[in-house]
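Structural description and commentary
What follows is the residue order along each chain.
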Amino acid sequence: MSLAYLAQEAANESTVKGLGAVGYGLAAIGPGIGVGIVVGKAIEGIARQPELQGTIRTNMFLGIAFTEALALIGLVAGFIF
């Protein structure tokens, strides 16, 4: 094996690792937008009906938890692939 071949293989390997980081960055955009929408709608709901604040807040936290699970799935998928 020549030195040029080994250098090319090392360059290819680092490119693949860099793409995994880019992929996770793109995967984190969706949950970020989702959390923003969930919190915004919860604030709207509390402003319209303040007496349901406890129920709306509970549902908001459940929505945030499920949305953040997508970010964790994206992180794990980045490590797998």
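In this text, all values refer to a predicted model and were calculated from it rather than measured experimentally.

Calculation criteria
Residues numbered from 1 in each chain as written. Predicted model: local features only at pLDDT ≥ 70, side-chain atom pairs only at ≥ 80, totals over all residues. Heavy atoms only, no water. Helix = DSSP H or I, 4+ residues; strand = E, 2+ residues; numbered from the N terminus. Buried < 20%, exposed > 50% of the residue type's maximum accessible area, 1.4 Å probe, protein only. Areas by Shrake-Rupley, 256 points an atom, 1.4 Å probe, with all protein chains shown as cover. Salt bridge = Lys/Arg side-chain N within 4 Å of Asp/Glu carboxyl O. Contact = heavy atoms within 4.5 Å. Patch = residues over 30% accessible without salt bridge, like charges linked within 9 Å, V, L, I, M, F, W, Y side chains within 5 Å.

**Brief notes about the overall build of the protein chain**
Secondary structure summary: the protein chain contains two helices and zero strands in total. Per-residue burial over the protein chain gives 12% buried out of 81 residues. Surface exposure of the protein chain reaches about 6100 Å², of which carbon and sulfur atoms provide 72%.

**Concerning the pattern of salt bridges**
The tally for this structure, following the rule as stated, stands at one salt bridge. With its nearest N and O atoms 4.0 Å apart, the salt bridge here joins K41 to E44. Of this pair, K41 and E44 both sit in helix α1 (residues 3–48), three residues apart, roughly one helical turn. In this structure K41 comes out as exposed when scored by relative accessible area, which is 53%.

**Side note on the side chain of T67**
Along the polypeptide, T67 turns up in helix α2 (residues 53–80). Excluding anything up to four places from it in sequence, T67 contacts P31, G34, V35 and V38.

**Focus: a nonpolar patch on the surface**
Where nonpolar side chains cluster on the molecular surface, the patch consists of V22, L26, I29, I33 and I37 and spans about 500 Å² of accessible area. Tracing the chain through its elements places V22 in helix α1.

**Re the environment of L62**
Within the secondary structure, L62 sits in helix α2. Exposure remark for L62: the relative accessible area of 45% places this residue in the partly exposed category. Residues L62 and V38, 24 residues apart in the sequence, show an inter-C-alpha distance of 9.7 Å.

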